[in-house]
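One-letter residues, chain by chain:
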There are 2 protein chains.
Amino acid sequence: MKPYYAVIFTSLLSENTKGYHQMAEQMENLAKQQQGFLGIESARDNLGITVSYWKTLEDIKKWQANSEHLLAQKLGKEQWYQWYKVRICKVEREYEIDNQPL
Amino acid sequence: MKPYYAVIFTSLLSENTKGYHQMAEQMENLAKQQQGFLGIESARDNLGITVSYWKTLEDIKKWQANSEHLLAQKLGKEQWYQWYKVRICKVEREYEIDNQPL
């Protein structure tokens, strides 16, 4: 495995989520088109966790500076999120168990 | 910020989840008592994502080798999970936005 990078985005939504779900979907689709994008995984119950995976730190920087993404980040900060935390990580080791029938 | 480590555990449950939720809670409580434990965040809708945070790689190894945890891992592999993936990561950078009222 070549080392790659993960962005762990943990969040609590505010009461005002108007437009949020559409934007979240839009940003996920846009992320998938970016250079170095490897994958994305999301789950939410009360807390939301989204982890996106990238080839390099440079790819992550470019995605964070994408103009449409910057607008989404601004709206998120001002309206949609009560709290969020972003962690940029280097994936050092991984393993997987697959019991799914063929 | 001192560098620290994250274990990203992503999973799909099987149809047989008898005993799973109780064990998950028990393991979370046990993890919190381990050396080097820094925090844990979980969310599930279809996909489940649990991220636990640790001071060192050595602390993670010890937790993975904990005998009660080994039993839970065995049951998880055999019964509860259709699929899971574990990624061990080094957290290199982080930032946080807090709009919560005091």
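The present account deals with the structure reproduced in this document. (Residues numbered from 1 in each chain as written. Chains lettered and ligands numbered in written order. Predicted model: local features only at pLDDT ≥ 70, side-chain atom pairs only at ≥ 80, totals over all residues.)

All names here are of chain A. Tracing the chain through its elements places Pro3 in the segment before strand 1 (4-13). For Pro3, a count of 12 C-beta atoms within 10 Å gives the class exposed. Separated by 53 residues in the primary sequence, Pro3 and Thr56 have C-alpha atoms spaced 8.7 Å apart. With near-sequence residues (within four places) excluded, Pro3 lies in contact with Lys90, Val91 and Glu92. (Helix = DSSP H or I, 4+ residues; strand = E, 2+ residues; numbered from the N terminus. Buried ≥ 20, exposed ≤ 12 C-beta atoms within 10 Å, placed from the backbone. Contact = placed C-beta atoms within 7 Å.)

With that out of the way, let us pick up the pairing of strand 2 (residues 37-44) of chain B. Residue and element names in this part refer to chain B. Note: strand 2 against strand 3 (residues 48-54), seven bridges, orientation antiparallel. When the sheet's bridge partners are listed, Glu41 is paired in strand 3 with Val51. Counted along the chain from strand 2 to the antiparallel partner strand 3, the turn is three residues long. (Pairing = 2+ DSSP bridges.)

Residue-level contacts link 33 residues of chain B with 33 residues of chain A. Pairing geometry for strand 4 (residues 81-98) of chain A and strand 4 (residues 81-98) of chain B, over 15 bridges, is antiparallel. Looking at the pairing, Lys85(A) lines up with Glu96(B) of strand 4 of chain B.

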